[in-house]
Structures are given as C-alpha cells and as structure tokens.
Amino acid sequence: MSAGLSSDRDVNPGHPTTDKKLADFDPVKKPKRNKFAFVCAILVSVASILLGYDIGVMSGAKDYIQTDFKLSDLEVGLLVGTLNWYSLFGSAAAGVTSDWIGRRYTIVVAGAIFFVGALLMGFSTNYAFLMVARFVAGIGVGFALMIAPVYTTEVSPASSRGFLTSFPEVFINAGILLGYLSNYAFSKLPTNLGWRVMLGIGAIPSVFLALVVLAMPESPRWLVMQGRLGDARKVLDKTSDSKEESQQRLSDIKEAAGIPKDCNDDIVQVQKKSHGQGVWKELFIHPTRPVRHILICGIGIHFFQQASGIDAVVLYSTNIFKKAGITSSSHKLLATVAVGFTKTVSVLVATFLLDRVGRRPLLLSSVGGMVLSLSALGFGLTMIDHSHEKLPWAVALSIAMVLAFGAFFSIGMGPIAWVYSSEIFPLRLRAQGTGIGVAINRVTSGVISTTFIMLYKAISIGGAFFLFAGIAAVAWVFFYACFPETRGRTLEDMEVLFGNLIGWRSALKDEQKKEDVHGGNEGQIQMGTKA
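Keep in mind it's a predicted model, so treat the numbers as computed, not measured.

Let us look at the overall build of the protein. Along the backbone of the protein there are 24 helices and zero strands. Across the protein, contacts joining residues at least 24 apart in sequence account for 80% of those joining residues at least 6 apart. Per element, the accessible surface of the protein, about 22,100 Å² overall, is 66% carbon and sulfur.

So, in structure tokens, the structure goes:
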C-alpha cells in the first residue's frame, strides 16, 4: 500500500490535496436511514397484525370451534376461508376511501371495524353469529391490507423503500406468531371458553392502531393531490434523506399530479375529479402498454403468492403435523409456534436484503426454494400415507420442509409481493391498483383456505403439495420473464421500466444507450439492465 502512495506523490509532488483525491476513490457512504420514516412505517404496519393474528389464531381455534359447535369439514373450511372473501369488500372500499379522506384516517377506519369484528367473534353463541362476526372482521382486514403498504410506500425515501415497505409483511408474520402463541396459551381453558378468548383478544391491536395514527403524518402524495403543497413539503422534509431529495420528490409528485413544477404556493387549486373517475377505464379498458405490464405484474405476484399454498400451510399446520405423525394437541400447537417463529425471523432478514440485493434476485431465489421444499414435503407426506409403519425419516423430512417452506416464502415472496405491487403503480392509479392486487390476493387465499381439506382428501395431502410445487414453478418462470428490477427507482419514475412484458431488458438497454448519448443520469438505469 505504501508503494502505491509513494508513486502517487511522485506524480503530484507538493500537492496538499493528494489525500483528498485518494479519498475520492472510496465508495460513497450510504445515507443513514431516515428515523422518522422508519417510525411511520412501523406504526402503520401494526395494521397488518390484524390479518396475521387472525390467520395464526384460526389455525388452532378452528379445532376447538369444530368440537364446540360440532361442525363438518366443509363448515370449518368456510369459517376459515371466508374472511378472505369478506376482506374483498374492505380492500375495494379502502381504495376509494383513502383517496377521499386520506391514507391516515382510512387506517383508523380499519382498526375500528376490526375491533367490532373481534369482539363479536369472542361473544359468538353459534355458527351463524360467528360467520357474521367474521364478515365484519374481514372488512377491517381488507382495509388494513390495502392501506398499510400504500402509506408506507408513499412516505418512504427511495433509498430504503424496500426495507420500509416490507414492514407490513413483517407484522403479518408477527401477528401469525402471536396467534400461535395465543392458541398454546389458552388451549388449557375449557373448550367453549378457550377459542372465544383466542379470537376476542384480537381486538387489542386494533385499539392500539387507532391511537398511534395520532402520531403519524398524512401521506405527502395524498396531500399534493389535495393541493396542500405546504403540508406535503413539511412531511417530505421529515421523511427524506436530504433536503435535495425532499425537493426532488415534491417536484416529481407535482408533475405526476399535473401541478406545474414552478408552482410553490402552500395551497394550490387542483382539478377535482370524482374519486376513481377514469382510473378503472385506464386500468382495464384503455391501458397504455406500461400500465398493462404493471397491472399484469401486480395481479400476477399476488395470485402466485397465495396460489403456491402458504395459507394452506399456515392455517392447516395442525392438520399437516397430525398427518406427519404428531398426535398430541400441545405438541402440534408448539410445532405451529416453531413455524411462526421461523417465518418471523426470515422476514426480518428479508427487510435488510431488499434494498441491498434487490427485489428480483431475492424473489427468484425465494420461489426456487419454495419449489424444492414443497416437492420434498409432498414426497415425505406421500411416503407416510403409503407406509403401514412409522417412518421417522419421513416425519422429520415433512416437519423440516414445513419450516423450510415458511422460511423461503418469508424471505422473498411474502414481503416482495407487497413491496413490488405497491411501488410500481403510478400515483394516479396507485390506490385502486393496489386495491386490485389485494383483492386478487384475498380471492386466491380464500379459494385455497376454503378448499384445502377437500383438496387433500381428493388427491391426498402429498398430492396437494406436489400441486403447489407445480404452481410455484410456473410462478418462477413468470417472474423471471416479466419482472424488471425496481430497487432505487423513485415512485414517479417506475413507468420507464415497464411496457414490454417479455422484452423489457432490451427496452431498458436501448433507453440506457439514449441516456448515455444525451449525458443522462448513468446510474438511474443500472438495476434494470441485468436479467
């Protein structure tokens, strides 16, 4: 190292700035994470606990409810799965509501509705009453699922958007773990009381959610859409990594909202449209090529996230462990806690990789691991089904693959579905576009969770997981062919990446060449040029 320094001094004798020039070759230090945006992301992501807790707690509570109300397998499937169908009403309403009253107060609506639903579930006296309570809670879940990623995406600076927007998935997994722990903690209570306590205490997170909204600012993008530039500027100054980034974000948002860039008044007149006017037409009837590509990717990632069987594993983990040879109720519940813990740790790891590795490599690695673990789980369960004696290796393989599948899902597919779909839609289409993604997610989840028991009785439990493995393999090909990398892009710059469903790589290379010729920003396209 000293030789290198000596030669440099020989070339530049007597220059006191030599050390400074050498320092210029050091990698540029990344800005520190914006603490205010970090806190906002955590607070709004509490909304996602509502869904996670319901999924986790129903995994164990359904067995006690079936015993208490003497339900058939079909009735259990409907009880478990229909909340996802009901949440469609919530996610559809949340898109319009959030454009009308703002992202912030839509979160309050989500918490209030789920609070009522959780109390009704806890006090249910029969199956019909419980299904009505599930309907109310489902609407609250739909609101929460749609608004949490949208708000986080719109508040986050580009440098940490992947990290912060993955928080809803982190809290879904935390909610699942809490649900599993609740099952185990209250499993010793009398049957008719235990499941009611398990479901009823789900009201607690919704109260906390409604209170923390008071500490959160409104989305700067929604504020601009209302013509409140002064308020938006204040929020952006707090949630950006630098003053320059804040000014650039505001300029980009104004351009997307149709406000002249040189307009710097605190309050401006924005042409008011009826909420959702023209949006559905632009999404479905006359979409541009970039919007069509974005819509296919947004719908596709949510469909495959659920069609690959995650809710079957999470909701029916006690059934799977029973098939694998675990007969003790407490041991089955403890095994589900292990699933919840594995998923939560894995998604925490994912939050730190999203902005370092990128969405695309992490997604492809995750889905590849899901294909392998689902195939191995199908094989292990098939061997157990066809053997007349206990196979310890097959039992161990099945349990290990349930944990592995949860880990692979949570380190990529789980959080990226929410991050990717919430960041690719243009501002004018974001609320409704994200709502469509959530709707597809919930419909697919509803189909899987409602029919899983009937599916595995028809084609065997091993066959069901071979089917999920096949779907995951198709998902890998779809993601590889159609999904460009979005890491580092500003939200207003996303449409540049889309427009050629299969040929997006060559389109981005052509764009980079044009930018090089015109002296454009060379670093802006770097994440989209690799396969």
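Additional details are given in the paragraphs that follow.
With that settled, consider helix α13 (residues 229–239). For α13, the set of buried residues is L229, G230, A232, V235, L236 and T239. Considering only its buried residues, α13 is in contact with α3 (35–45), α7 (127–155), α12 (220–225) and α14 (243–256).

A word on the pattern of salt bridges. This structure, assessed with the given rule, holds 10 salt bridges. Linking R134 and D54 is a salt bridge whose minimum nitrogen-to-oxygen distance equals 2.6 Å. Here R134, found in helix α7, pairs with D54, found in helix α4 (residues 47–69); they are 80 residues apart in sequence, far enough to count as distant. Relative accessible area serves as the criterion here: at 3%, D54 is assigned to the buried category. Between D73 and K457 there is a salt bridge; the shortest N-O distance is 2.3 Å. Of this pair, D73 sits in helix α5 (residues 73–101) while K457 is found in helix α22 (residues 430–459), placing the two residues 384 residues apart along the sequence. Each of the salt bridges in this network shares a partner with another, and the network as a whole consists of D99, R103 and E154.

Tracing the sequence through the fold places T344 in helix α19 (residues 329–357). On a C-alpha basis, the gap between T344 and I411 in space is 9.3 Å, while along the polypeptide they are 67 residues apart. Within the structure, T344 has its side chain in polar contact with the backbone oxygen of G340 (distance 2.8 Å).

Where helix α20 (residues 359–385) contacts helix α23 (residues 461–482), the axes come no closer than 8 Å and their chain directions differ by 165°. In terms of orientation, α20 and α23 fall into the roughly antiparallel class. Handedness of the α20/α23 crossing: left-handed. A breakdown of the residues in the contact of α20 with α23 according to their chemical character gives 19 nonpolar, six polar and two charged.

It is worth spelling out the environment of L354 at this point. Within the fold, L354 resides in helix α19. Sequence-wise, L354 and S166 are 188 residues apart; in three dimensions their C-alpha atoms are separated by 8.3 Å. Excluding its chain neighbours within four sequence positions, the residues that come into contact with L354 are G162, F163, S166, R359, L362, I416, V419 and R487.

Quick look at a nonpolar patch on the surface now. On the surface, a nonpolar cluster with roughly 540 Å² of combined accessible area is contributed by F115, V116, L119, F123, V207 and L211. Put simply, the parts of the chain that give the nonpolar patch at least two residues each are α6 (103–122) and α11 (203–212). Per-element accounting of the nonpolar patch gives the leading share, three residues, to α6. Along the chain, F123 falls in the loop between α6 and α7. Residue classification places F123 among the exposed residues on the basis of a relative accessible area of 62%.

The end-to-end C-alpha distance of α5 is 42 Å, a good match for the 42 Å that 29 residues give at a rise of 1.5 Å each. Of all the bends in α5, the greatest, near 40°, is centred on G81. Positive backbone phi, at 105°, marks G102, one or two positions downstream of α5.

A full pass over the atoms with the stated rule returns 19 aromatic pairs. With 5.3 Å between their ring centres and 35° between their planes, Y316 and F452 make a pair best called tilted. Here F452 lies in helix α22 and Y316 lies in the loop between α17 (310–315) and α18 (317–323), a separation of 136 residues in the sequence. Considering the side-chain rings of F465 and F468, the 5.7 Å spacing of their centres and the 70° angle between planes classify their relative orientation as edge-to-face. Taken together, the residues span about one helical turn, with F465 and F468 both in helix α23 at a distance of three residues. Like F465, the residue F468 is buried in the burial classification.

Counting residues in hydrophobic clusters, the biggest one holds 137 residues, and the most contacted among them are I65, F452, F465, F479 and F483. It is α7 that provides the largest number of residues to this core, a total of 16 residues. Ignoring any residue separated from it by four or fewer positions in sequence, one finds F465 in contact with V313, I320, L374, L377, G378, L381 and F452.

Attention now goes to the confidence of the model for the protein. When the pLDDT values of the protein are averaged, the result is 82; 86% of them are 70 or greater. Put simply, helix α1 (residues 2–11) is where the protein has its lowest mean pLDDT, 43, and α23 is where it has its highest, 95. In the predicted structure, residues 1–28 sits below a pLDDT of 50 and forms four contacts with residues beyond four places in sequence or in another chain. With pLDDT under 50 throughout, residues 520–531 is counted as low confidence; its partners more than four residues away or in other chains account for 25 contacts.

Structurally, T450 is set in helix α22. Among the polar contacts listed, one links the side chain of T450 to the backbone oxygen of G446, at a separation of 2.6 Å. Residues in contact with T450, not counting those within four places in the same chain, are G77, L78, G81, T82 and W85.

Within the secondary structure layout, R249 lies in helix α14. Although R249 is buried, it makes no salt bridge; E245 carries the closest opposite charge, 4.8 Å away. Polar contacts involving the side chain of R249 include one to the main-chain carbonyl oxygen of S156, which spans 3.2 Å. Excluding anything up to four places from it in sequence, R249 contacts E154, V155, S156, P157, R221, L236, T239 and S240.

Tracing the sequence through the fold places V108 in helix α6. Take V108: its relative accessible area is 27%, and that puts it in the partly exposed class. Considering only alpha carbons, one finds V108 and F143, 35 residues apart in sequence, at a separation of 9.6 Å.

About the cut-offs
Residues numbered from 1 in each chain as written. Predicted model: local features only at pLDDT ≥ 70, side-chain atom pairs only at ≥ 80, totals over all residues. Heavy atoms only, no water. Helix = DSSP H or I, 4+ residues; strand = E, 2+ residues; numbered from the N terminus. Contact = heavy atoms within 4.5 Å. Areas by Shrake-Rupley, 256 points an atom, 1.4 Å probe, with all protein chains shown as cover. Buried < 20%, exposed > 50% of the residue type's maximum accessible area, 1.4 Å probe, protein only. Salt bridge = Lys/Arg side-chain N within 4 Å of Asp/Glu carboxyl O. Polar contact = N/O pair within 3.5 Å; in protein donor to acceptor, adjacent residues only side chain to side chain. Axes fitted to C-alpha atoms, helices over the stretch in contact; angles between N-to-C directions. Parallel < 35°, antiparallel > 145°, perpendicular 65-115°, else oblique. Left-handed = near helix turned anticlockwise from the far one by under 90°. Nonpolar A, V, L, I, M, F, W, Y, C, P; charged D, E, K, R; others polar. Patch = residues over 30% accessible without salt bridge, like charges linked within 9 Å, V, L, I, M, F, W, Y side chains within 5 Å. Expected span 1.5 Å × (residues − 1). Bend = angle between axes of the 7 residues up to and from the residue. Phe/Tyr/Trp six-rings, centres within 6.5 Å; stacked < 30°, edge-to-face > 60°. Core = buried A, V, L, I, M, F, W, Y, C linked by side-chain atoms within 4.5 Å. pLDDT = per-residue confidence, 0-100. Lys, Arg positive; Asp, Glu negative; His and termini not counted.

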